[in-house]
Each structure stands twice: as structure tokens, then as C-alpha cells.
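Examining the three-dimensional arrangement
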Amino acid sequence: GVCACIGGGLLEVIRPPLPTREERDRGAMLTDEFLAFAADRLARGGRCHERDIVAAFRRYYPRYRYADMERSVDGQSLPD
């Protein structure tokens with residue numbers, strides 16, 4: 001009984017928090033925008049580095065132009 005409570009409490013403490021609705025919606029929007037970018041700008045086959053794709057995506061969508069866009073009016077910061 002007591003061991004189960006301690007184990008359950010420990011799992012509750014170390015469990016990552018669930019995303020908020022805003023974070024979930026932002027992730028869905030970002031996924032949709034990346035899929036549109038990929039359909040328009042990426043081709044199957046060949047090789048490239050992930051940095052090149054991130055740089056091209058940032059050029060394609062100005063609101064993601066720089067890694068730190070929090071200070072701009074319509075920009076959004078994205079981790080690389």
C-alpha cells in the first residue's frame with residue numbers, strides 16, 4: 001500500500017507536463033506550415049543537412065526568420 005503510493009507519487013513528479021492547448025495548436029500549425037513548405041520546396045532523393053532545411057524553412061516563412069523572434073510583432077521563436 002505505502003510503497004505503491006510512494007511509487008505513484010514519484011511517477012507524478014517526474015512525468016513531463018502535458019502541453020497546453022496553445023502549445024498543441026502552435027505545434028499543429030507549425031506541422032501544417034512545414035508540410036506546405038516541404039511540398040513546395042523539397043524534392044525526394046539526394047542528401048542535405050538538417051541545418052540547410054531549417055535555414056530554407058526560415059527563409060520561406062518570414063515570421064520564423066530568426067531563432068529569437070519574440071520581440072517582433074508577428075514573429076514566433078522556434079528552437080533549431
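Below is a summary of the structure that appears in this document.

What to know about the packing of aromatic side chains
Under the criterion given, the structure shown has six aromatic pairs. Judged by centre distance (5.6 Å) and plane angle (50 degrees), the ring pair of Phe34 and Phe37 falls under tilted. Of this pair, Phe34 and Phe37 are both found in helix α2 (residues 21-41), three residues apart, which corresponds to roughly one turn of the helix. On the accessibility criterion, Phe34 (32% relative accessible area) is partly exposed. Of the residues examined, Phe37 reaches a relative accessible area of 0% and is grouped as buried. Plain terms: the ring middles of Phe57 and Tyr61 are 5.3 Å apart, the flat faces sit at 55 degrees to each other, and that makes the pair tilted. Note on Phe57: relative accessible area 7%, which makes it buried.

Rules behind the numbers
Residues numbered from 1 in each chain as written. Predicted model: local features only at pLDDT ≥ 70, side-chain atom pairs only at ≥ 80, totals over all residues. Heavy atoms only, no water. Phe/Tyr/Trp six-rings, centres within 6.5 Å; stacked < 30°, edge-to-face > 60°. Helix = DSSP H or I, 4+ residues; strand = E, 2+ residues; numbered from the N terminus. Buried < 20%, exposed > 50% of the residue type's maximum accessible area, 1.4 Å probe, protein only.

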